[in-house]
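Fold and geometry: a report
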Amino acid sequence: MKSLNIFLLLLIFIVNSCSSSPEEHLVFNDIPIHGNPAQFANELTKSGFTISQVTEENQIKLNGVFLEQNCEIYVYATKKSQLAYKVRVNLPGEIPDSLQVSFEKLQKLFASNYGMGKTRYKQYRNPERFMFNEPGLKRQIKKGDRTRYTTDSGFITLEVQDGYISITYLDKVNNEIMKIEVEEEDKQESGEEISF
């Protein structure tokens, strides 16, 4: 009974904090990532995006111009409460040299907006320990290299994919709700009893 009451109070607190102050949500294209995903997608259509299709359950695909490029935009929703919690932008494909330049430009742009990000490189064409002998060599980006920017309301991640760059906007509050819903679903599927 105690754990259920604590859970309900936590859920009420999260829902109240979500509905009372939309400025606490991460913003994508001047729109807070919150509310019903269809309504969020409709707000994006007002700024020039077009809804393409529903690719999977709890996901809406849009097309449009972002950072002056034609992109695919995916809006993800929590399964149970149907709240938008994540937006992923897939930039157009590029050749490796161009991809490197684009990634570096995006890192500078996002650093100017969100502060220094934390970068992780998956692998190198030439390991750094050998690069000191050849100062002209430069680290080459690979699939999985990423930079993450942390804000009070969420996370923005630039990540090198297979021939393109993706940008993911993850709202903190709604992502926590998504995690709670996934945990509940996992408990129900595994047959664990929820104590009341």
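Look up: the structure comes first, before these words.
Before going into details, it helps to say that this report is about the structure given with it. (Residues numbered from 1 in each chain as written. Predicted model: local features only at pLDDT ≥ 70, side-chain atom pairs only at ≥ 80, totals over all residues. Heavy atoms only, no water.)

This brings us to the packing of aromatic side chains. Counted according to the given criterion, the structure contains six aromatic pairs. Measuring from centroid to centroid gives 6.5 Å for Phe-28 and Phe-49, while their planes differ by 40°, and the two rings are tilted. Residue Phe-28 is found in strand β1 (residues 27–28), and its partner Phe-49 is found in the loop between α2 (37–46) and β3 (50–53); the two are separated by 21 residues along the sequence. A relative accessible area of 0% means that Phe-28 is categorised as buried. Taking the relative accessible area as the measure of exposure, Phe-49 reaches 4% and is therefore buried. The interplanar angle of 25° and the centroid separation of 5.9 Å between the aromatic rings of Phe-110 and Tyr-114 together place this pair among those described as stacked. A residue pair is termed a helical-turn pair when its members lie 3 or 4 positions apart in one helix, as Phe-110 and Tyr-114 do in helix α3 (residues 96–114) at four residues. For Tyr-114, a relative accessible area of 27% translates into the label partly exposed. Of the aromatic side chains, those joined through ring pairs into one cluster are Phe-28, Phe-49, Phe-66 and Tyr-169. Positioned over the ring face of Tyr-74 is Arg-88, at 4.6 Å from the centre of the ring. One residue, Arg-148, lies across the ring of Phe-155, its end atom 4.0 Å from the ring centre. (Phe/Tyr/Trp six-rings, centres within 6.5 Å; stacked < 30°, edge-to-face > 60°. Helix = DSSP H or I, 4+ residues; strand = E, 2+ residues; numbered from the N terminus. Buried < 20%, exposed > 50% of the residue type's maximum accessible area, 1.4 Å probe, protein only. Lys NZ or Arg CZ within 6 Å of the ring centre and 35° of its normal.)

Looking only at α2, the buried set comprises Pro-37, Phe-40, Ala-41 and Leu-44. In an axial view of α2, the angular spread of the buried residues amounts to 100°, which keeps them on one side of the axis. Facing away from the buried side of α2, by more than 90 degrees, are the exposed residues Gln-39 and Lys-46. You can read the cap of α2 off the contacts: a side-chain oxygen lies 2.7 Å from the backbone nitrogen of Ala-38, and it is on Asn-36. (Arc of directions from axis to C-beta. Polar contact = N/O pair within 3.5 Å; in protein donor to acceptor, adjacent residues only side chain to side chain.)

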